[in-house]
Amino acid sequence: MSLIERLGTFGDAKVWYDNIPLESEYTVGIAGERFLRAIKDRGVILGTVCPACDLTYVPPSMYCERCFTQLDEWVELPAKGTVYTFTIVTRSLDGQALDEPEILAFVKLPGAHGGLVHRLTTAKPEDVEIGMEVEVVFKPQKEREGSILDIKGFKPT
Amino acid sequence: MRRTAAIVGVGYSGFRSISPDLSYKEMMYEAAAKAYEDAGVDPQRDIESFVSVAEDFNEGTSIFDEYVPDQIGGALKPVHTIPGDGIHGLIAAYMQLLTGAMDIVMVEAHSKASNALTLSDVMAYAMEPIYNRPLGANPHFIAGMEMNRYLHSTGTTEEQCAQVVVKNRGNGFLNPSAAHGARVDLEMVLSSETVFYPLKKLEISSHADGAVVMVLASGEVAEELTSLPIWIRGVGWCNETPSLETRDWEGATYARKSAEMAYGMAGIRHPWQEIDFAEIDDTYAYKELQHMEALNLCRKGEAGHLVQEGATELDGAFPVNPSGGTLGVGHLLDASGLGRALEVVLQLRGEAGERQLGEVETGLAFGWRGVPTTSGAAVVLSV
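Throughout what follows, the structure given in this document is the object of discussion. Computed from a prediction, not measured in an experiment: that's the story for all the values here. (Residues numbered from 1 in each chain as written. Chains lettered and ligands numbered in written order. Predicted model: local features only at pLDDT ≥ 70, side-chain atom pairs only at ≥ 80, totals over all residues. Heavy atoms only, no water.)

1. Some words on the sheet that holds strand 2 (residues 55–57) of chain A
Residues and elements named next belong to chain A. Put simply, the test is: Whether two strands pair comes down to DSSP finding at least two bridges between them. Helix numbers and strand numbers start at the N terminus; a helix is a DSSP run of H or I with at least 4 residues, a strand a run of E with at least 2. Note on geometry: axes are C-alpha line fits, over the in-contact stretch for helices, and angles between N-to-C directions span 0 to 180 degrees. The contact criterion used is simple: two residues touch if any of their non-hydrogen atoms lie within 4.5 Å.
The 3 strands are arranged 2-1-3 in an open sheet whose pairing can be described as antiparallel. Edge positions in the open sheet fall to strand 2 and strand 3 (73–77), since each of these has one partner strand only. Strand-to-strand, the axes of this sheet are offset by a mean angle of 40°, without reference to chain direction. Pairing of strand 1 (residues 45–50) with strand 2, which is carried by 3 bridges, proceeds in the antiparallel orientation. Looking at the pairing, Thr48 lines up with Tyr57 of strand 2. Seen against the sheet, helix 1 (residues 29–42) touches strand 1 and strand 3 and runs at an angle of roughly 145° to strand 1.

2. Overview of the interface of chain A and chain B
We count it as follows: A 1.4 Å probe defines the accessible area here, and the buried area is the portion of it lost by two parts on being joined, summed over both. Only one rule defines a salt bridge in this text: a Lys or Arg side-chain nitrogen within 4 Å of an Asp or Glu carboxyl oxygen. Here a polar contact means two N or O atoms within 3.5 Å. Within protein one must be a hydrogen donor candidate and the other an acceptor candidate, and residues neighboring in sequence count only if both atoms are side-chain atoms. Throughout, the ten residues Ala, Val, Leu, Ile, Met, Phe, Trp, Tyr, Cys and Pro are labelled nonpolar, Asp, Glu, Lys and Arg are labelled charged, and all others, Gly among them, are labelled polar.
Tallying the contact residues gives 44 residues for chain A and 44 residues for chain B. In total, about 4000 Å² of surface goes out of reach between chain A and chain B, with carbon and sulfur atoms giving 64% of it. Taken together, the connections running from chain A to chain B amount to 3 salt bridges. Ionic pairing is found between Glu193(B) and Arg91(A), a salt bridge with its closest N-O pair at 2.6 Å. Where chain A meets chain B, there are 19 residue pairs in polar contact (both at pLDDT 80 or more). Counting residues per element, the ones that place at least two in the side of chain A that touches chain B are helix 1, strand 4 (80–91), strand 5 (97–108) and strand 6 (115–119) of chain A. Per-element accounting of the side of chain A that touches chain B gives the leading share, 8 residues, to strand 4 of chain A. Residues belonging to the side of chain A that touches chain B are distributed by class as follows: 26 nonpolar, 13 polar and 5 charged.

3. A few points about the packing of aromatic side chains
Residue and element names in this part refer to chain B. Where we set the bar: Classification of ring pairs rests on two measures: the distance between centres of Phe, Tyr or Trp rings, Trp counted by its six-membered ring, which must be within 6.5 Å, and the angle between planes, read as stacked under 30 degrees, edge-to-face over 60 and tilted in between. Only protein chains enter the calculation, and the probe is 1.4 Å; a residue is then buried if its accessible area is under 20% of its type maximum, exposed if over 50%, and partly exposed in between.
Across all of its chains, the model carries 13 aromatic pairs over all chains by this definition. Between Tyr254 and Phe366, the ring centres sit 6.2 Å apart and the planes meet at 25°, which makes this aromatic pair stacked. In this pair, Tyr254 is assigned in helix 10 (residues 253–266) and Phe366 in strand 10 (residues 362–368), connecting sequence segments 112 residues apart. For Tyr254, a relative accessible area of 1% corresponds to the buried category.

4. Thoughts on the pattern of salt bridges
Counted under the stated rule, the structure contains 25 salt bridges over all chains. Glu33(A) is paired through a salt bridge with Arg37(A); the nearest N and O atoms lie 2.8 Å apart. Linking Glu33(A) with Arg37(A), this pair stays in helix 1, spanning 4 residues, or about one helical turn. Arg37(A) sits in the partly exposed class, given a relative accessible area of 45%. Two residues, Glu250(B) and Arg149(B), come together in a salt bridge whose shortest N-O distance is 2.9 Å. Note that Glu250(B) is positioned in the loop between strand 8 (230–239) and helix 10 and Arg149(B) in helix 6 (residues 140–154), a separation of 101 residues in sequence. Across the pair, exposure class does not vary: Glu250(B) and Arg149(B) are buried alike.

Limitation: the analysis is restricted to geometry and does not speak to function.
As structure tokens, then:
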């Protein structure tokens, strides 16, 4: 058993092209609804607390990923934090060079186990460092739509 | 007492950056035919169960498992397909043998990456949809952020990460089946464009096409089939949280826990002494170092020094990725981890050609599912 014949010329190496449009909706859920609504209506960041593990989840979750308990304690967190790590993105989704590099960071919020992954705005790449203090920049309230993009990003404090 | 099981046959097709001459089915057929000949088995007569590893989006076909049986000789037989890394598939096949219900099982994984015209979109569609995906960022950014934190927390240098590329593409140069083997020097890697700071262009593995098949058999059957069974001594796998916001950005916990499980099963306490070499996921150069530390092959912050001193070269104290790894062989999508395990088998059998290591009796293979996952799987193999 094996393949005893192969294509010999490029002209014979045919392909059939196809594509399929994919569209989905993603239900944000109980915790997501409350989190995104608080950003939209009040410009505040909410988290849920697991008292047993002493962890505060941001973005909030209805259950603790460590101990599996259902969470119902909500807290408001300061809309600021510390850059835990960052990168400078020079490529678009399809690999093309971006006109302007974008800084993306994971920002840990004080008192939270988690934080937010978002853009760092108004910062020069060469000035960014791990440990830098930053604050959330919300869009003007009338432009907010109830998504994570109601946050423009973080800026250095 | 736990049943024993061994790998009794391997076959592969590829690996090449493109493969216009063969359909994915023909690549799978070729790999399977070689593996069955190697094991001396007939699929219809001897193989009792078939495990394939594939992910619909990578294949461009929904319900892809429907398209698996015929080209591996599995029609009219028990066949199932799992998404995951190839080593997850190897473990699934192994567990079927452990049940006692089966004596000969096969596992297959493949990549036809060159047919997937929008692979970066497939990767982007793996991002968490509500909090992360709306940012519209190329998912390699996660590797950039993780590398940055890894360097920060361990003191590992950019030069040490770049040295992994020099080593692995150089090893690939000695591997006729590696798609991306090359002689590169440190300066070339360091001066390649920083695309996702601090990650450089040459530190990101490129895809390759190919298929890998292994035939596994339970202890006594394995010894009847071959004079050189490669014994599965331990397996382990682990998923950390998928959440970017709560995961461990420094230490690859999924790798640490996969290894703890596999070492526990294999009775290995001092992996550096008891294991001779390893094939470890190096989808991004820093990942080889981070994974080495997580797999307890050295202490945190030590892997960079080891690669710099040459300890992980082919002639070093503990060779890592003698095949060339993912950087040298090419990233095989869902087959990447099985490609790592393939090299461990070839090395243990003494069939690795120019890159053959000296006296080796035990090897480790570790696969990672890539960004944005924290999904890993490990296997310890011995002669």
